[in-house]
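# Structural overview for review
As a plain string of letters, each chain reads:
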There are 2 protein chains.
Amino acid sequence: MNGNERQVPAVVIKRLPRYYRYLSDLLKADIKRISSGALSRKMNVTASQIRQDFNYFGGFGQQGYGYNVEHLYRAIGDILGLNSRNNTVIIGVGNLGMALANHGAFEKRGFKITALFDNSEKVIGRVINGNTVRAVDELEDYISKNRVDIAILTVPKASTQELADRLVRSGVKGILNFSYTELKTDGSAAIENVHLSDSLMTLSYKIKQLGE
Amino acid sequence: MNGNERQVPAVVIKRLPRYYRYLSDLLKADIKRISSGALSRKMNVTASQIRQDFNYFGGFGQQGYGYNVEHLYRAIGDILGLNSRNNTVIIGVGNLGMALANHGAFEKRGFKITALFDNSEKVIGRVINGNTVRAVDELEDYISKNRVDIAILTVPKASTQELADRLVRSGVKGILNFSYTELKTDGSAAIENVHLSDSLMTLSYKIKQLGE
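Residues numbered from 1 in each chain as written. Chains lettered and ligands numbered in written order. Predicted model: local features only at pLDDT ≥ 70, side-chain atom pairs only at ≥ 80, totals over all residues. Heavy atoms only, no water.

### Overview of the pattern of salt bridges
Overall, the coordinates contain 24 salt bridges over all chains when judged by the stated rule. For Glu107 of chain B, the salt bridge goes to Lys112 of chain B, with nearest N and O atoms at 3.3 Å. The partly exposed category is assigned to Lys112 of chain B, whose relative accessible area is 27%. Of the charged contacts, one joins Glu162 of chain B and Arg166 of chain B as a salt bridge, the two residues approaching to 3.2 Å between their closest N and O atoms. Highlighted residues: Glu162 of chain B and Arg166 of chain B, both in helix α8 (residues 157-169), separated by four residues, approximately one helical turn. By relative accessible area, Arg166 of chain B is classed as buried at 14%. By sharing partners, the salt bridges in this structure join Lys14 and Glu192 of chain A together with Lys206 of chain B into a single network. (Salt bridge = Lys/Arg side-chain N within 4 Å of Asp/Glu carboxyl O. Buried < 20%, exposed > 50% of the residue type's maximum accessible area, 1.4 Å probe, protein only. Helix = DSSP H or I, 4+ residues; strand = E, 2+ residues; numbered from the N terminus.)

This is the structure:
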């Protein structure tokens, strides 16, 4: 890995998870090698786009002869930081938090859900997918005793910034935020905001194109 | 609206919901005009990128003097097809389906949840956010009597393709798919796949950058 990665455009980064998912499917199907042409048809991206994307990371070699699927899968996983386990906690065990706590795809990608937190007596103590829901009051104590890499916030808007501050102070490096708020941090943690309605808006655009 | 829109790159389309959300916040704050410079700082995109993006749709005018927030908001909403109501049904009322049925942001963007379907006796008949859960068996009957623009699929992988086929046969034009499967359609409907683990992978990349 080298410092040049800092210049990788955000759009290229956004495509890496898709490549990674697709390569994972190829591996499962025991496919060992794929040409950039075949990869491009499957991914619905031009072959030249794929080569450009991969060139940001040194190219991953062997054009013409094709890409070694396992090598490419591991290399992209390394760039994304997926080859070591990311201990992940969920704060807010409502319907969405519960759905995420049971989401098999997270663990498959190395995001191991290690703890759940909520402030409602209704869910504290419940066991969900092997984890007992803890009180939010115990958050700092838990983080001081257990490595936590990522926190997923599925709490009401009003609590999001306060919880993000507590997480960053406790040394958590990444927050996945499902509340519709702009989180502010001091730059010592990474934030990724998920807006579920964006996908509906994109779909709505695609539907309009059908009719034109 | 003109036919040129078909050539708009997917990355530009992906940015439109973000512009739309941000402009909605400006409107709420009663801000009437914004320069491309100020918009660019807030959105963390270059001003030239914003101008390039908007040029795909005719530019939305007034550079130097700034953009009229309400005009821009309506114009982007029109491009995205948000200015008329999209009747939306959810199929699969597990934790994720329930979270989406209660997700306020959908209705705010014109996606009105009009019906819920599940095949489990445990949830059929339950009322969630004003909608009674119906049996999946009633799907075709419901669609023949009520306009349905979009279906959100939050069902197990194994049922996804069959349900998508039934929806497309019934004339539904858009499917938002939360199951990790590649849906096939005959091209008469638009599909948008949501991969919740992609956002965690992007976050993981950002965390790695912090440490470098």
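### Observations concerning the relation of the copies chain A and chain B
Overlaying chain A on chain B yields an RMSD of 0.0 Å, the required transformation being a rotation through 180 degrees with an accompanying axial translation of 0.0 Å. Those values place the two copies in the arrangement expected of a two-fold rotation axis. Minimal C-alpha distance to the rotation axis in chain A is attained by Asn95 of chain A, lying at 2.4 Å. A high fraction, 100%, of the interface residues of chain A reappear at the interface in chain B, so the copies pair face to face through one surface. (Least-squares fit on C-alpha atoms with pLDDT ≥ 70 in both. Contact = heavy atoms within 4.5 Å.)

### Looking at the interface of chain A and chain B
Facing the 65 residues of chain A at the interface are 65 residues of chain B. Approximately 5,600 Å² of surface area, both sides summed, lies buried where chain A meets chain B, with 63% of it carried by carbon and sulfur atoms. At the junction of chain A and chain B, the tally comes to four salt bridges. Residue Arg21 of chain B pairs with Asp198 of chain A through a salt bridge whose shortest N-O separation is 2.6 Å. At the surface where chain A touches chain B, the tally comes to 16 residue pairs in polar contact (both at pLDDT 80 or more). If you list the elements that add at least two residues to the side of chain A that touches chain B, you get α1 (10-28), α4 (69-80), α5 (95-101), α6 (104-108), β7 (150-153), β8 (174-177), β9 (190-193) and α9 (196-210) of chain A. Among the elements that line the side of chain A that touches chain B, the one with the most residues is α9 of chain A, at 15 residues. Split into classes, the residues belonging to the side of chain A that touches chain B amount to 33 nonpolar, 15 polar and 17 charged. (Buried area = accessible area lost by both parts, 1.4 Å probe. Polar contact = N/O pair within 3.5 Å; in protein donor to acceptor, adjacent residues only side chain to side chain. Nonpolar A, V, L, I, M, F, W, Y, C, P; charged D, E, K, R; others polar.)

### Some remarks on the domain arrangement of chain A
Domains assigned within chain A are domain 1 (3-80) and domain 2 (86-197). Distance from the C-alpha centre of domain 1 of chain A to the C-alpha centre of domain 2 of chain A: 30 Å. (Domains from an automatic or database assignment.)

### Focus: the packing of α1 of chain A against helix α3 (residues 47-55) of chain A
All names here are of chain A. For the pair α1 and α3, interaxial distance at closest approach is 11 Å and the crossing angle is 105 degrees. When the interaxial angle is binned, α1 and α3 end up roughly perpendicular. Contact residues: α1 offers Val12, Arg15 and Tyr19, while α3 offers Gln49, Ile50, Asp53 and Phe54. Split by residue class, the contact of α1 with α3 holds four nonpolar, one polar and two charged. (Axes fitted to C-alpha atoms, helices over the stretch in contact; angles between N-to-C directions. Parallel < 35°, antiparallel > 145°, perpendicular 65-115°, else oblique.)

### Topic: the sheet that holds strand β6 (residues 131-135) of chain B
Residues and elements named next belong to chain B. The seven strands lie next to each other as β5-β6-β4-β3-β7-β8-β9, forming an open sheet whose pairing is mixed. Edge positions in the open sheet fall to β5 (127-128) and β9 (190-193), since each of these has one partner strand only. Contacts between α8 and the sheet are confined to β3 (86-91), β7 (150-153) and β8 (174-177), with β7 contributing the most and set at about 170 degrees to the helix. (Pairing = 2+ DSSP bridges.)

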